[in-house]
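Structure assessment
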Amino acid sequence: MIESNKLANSNFLSSLDMSTQEVFNILELAKKFKDNDINVKLKNKVLGLIFDKSSTRTRVSFGVAMSRIGGTTIDLNPTTSQIGRGEPIKDTARVLSRYCDALAIRTYNQSDLEEYARWSTKPVINALTDLEHPCQALADFLTIKEEFIDFKNVVLTFI
């Protein structure tokens, strides 16, 4: 199993941020959550959501997940905050690090996400960039694992 401190204190900017074994461990943990075989409470933990790109499923899934484990989310909409008025990412990341326990960011440029991670003292999660959508990839891998048990004879094509 992954050391909980390593996972809890790490950015997740790319699918390449985890080893194969760490992905399998995450999938095992996700299955336990899905089957209600694990009880984690993150009372008083806040996930900041910065969504430069529109979203329904990703926004709802992060919000529902935090709610179900006892945490809360705060939606930092660029149209109603300083983020949309040209505040530098460096300043936003530093300020949000004081209030939030983690940030989930859905933006266009991977470099913007990496800039948030550079200046944030809290974990940053890639909720989608033009480069990749690693949380969706993990969800897809869980579905494949549930359907086929393992990945030995699975041919995966991404278009």
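This text goes with the structure placed above it.
Since the structure is predicted, the reported quantities are computational estimates derived from the model, not experimental observations.

Let's talk about the layout of surface pockets
Empty space among the atoms becomes visible once a probe the size of a water molecule is rolled across them. Empty space within the second largest pocket amounts to approximately 330 Å³. Contributing to the lining of the second largest pocket are 13 residues, with His 133, Gln 136, Ala 137, Asp 140 and Phe 158 lying nearest its centre. Its residues assigned to classes, the lining of the second largest pocket shows 7 nonpolar, 4 polar and 2 charged.

Side note on helix α2 (residues 20-34)
Over its 15 residues, α2 runs 21 Å from end to end, which matches the ideal 21 Å to within 8%, given 1.5 Å per residue. Listing the buried residues of α2 in full gives Glu 22, Val 23, Asn 25, Ile 26 and Leu 27. Looking at the residues trailing α2, positive phi occurs at Asn 36, about 60 degrees.

Quick word on the sheet that holds strand β3 (residues 102-106)
On the basis of which strands lie adjacent, the open sheet formed by 4 strands has the order β2-β1-β3-β4 and parallel pairing. What marks the edges here is a single partner per strand, and that holds for β2 (72-75) and β4 (124-128). Strand-to-strand twist of the sheet, defined as the mean angle between neighbouring strand axes without regard to direction, takes the value 25 degrees. The pairing of strand β1 (residues 46-51) with β3 spans 5 bridges and is classified as parallel. Opposite Leu 47, over in β3, you have Ala 102 as the bridge partner. Strands β1, β3 and β4 of the sheet are contacted by helix α5 (residues 110-119), whose axis makes an angle of about 160 degrees with β4.

Focus on the packing of aromatic side chains
Per the stated rule, a full pass over the model turns up 2 aromatic pairs. Here Phe 141 and Phe 151 contribute two aromatic rings whose centre-to-centre distance is 6.0 Å and whose plane-to-plane angle is 90 degrees, an arrangement assigned as edge-to-face. Highlighted residues: Phe 141 in helix α6 (residues 134-148) and Phe 151 in the segment after α6, separated in sequence by 10 residues. Of the aromatic side chains, those joined through ring pairs into one cluster are Phe 24, Phe 141 and Phe 151. One cation-aromatic arrangement involves Lys 90 over Trp 119; the distance from NZ or CZ to the ring centre is 4.5 Å.

Cut-offs and rules
- Residues numbered from 1 in each chain as written.
- Predicted model: local features only at pLDDT ≥ 70, side-chain atom pairs only at ≥ 80, totals over all residues.
- Heavy atoms only, no water.
- 1 Å grid on protein atoms, 1.4 Å probe; cavity = no way out; pocket = protein on both sides within 12 Å on 5 of 7 lines; lining within 4 Å.
- Points joined across faces, edges and corners; volume = space filled by probe spheres on them.
- Nonpolar A, V, L, I, M, F, W, Y, C, P; charged D, E, K, R; others polar.
- Helix = DSSP H or I, 4+ residues; strand = E, 2+ residues; numbered from the N terminus.
- Expected span 1.5 Å × (residues − 1).
- Buried < 20%, exposed > 50% of the residue type's maximum accessible area, 1.4 Å probe, protein only.
- Pairing = 2+ DSSP bridges.
- Axes fitted to C-alpha atoms, helices over the stretch in contact; angles between N-to-C directions.
- Contact = heavy atoms within 4.5 Å.
- Phe/Tyr/Trp six-rings, centres within 6.5 Å; stacked < 30°, edge-to-face > 60°.
- Lys NZ or Arg CZ within 6 Å of the ring centre and 35° of its normal.

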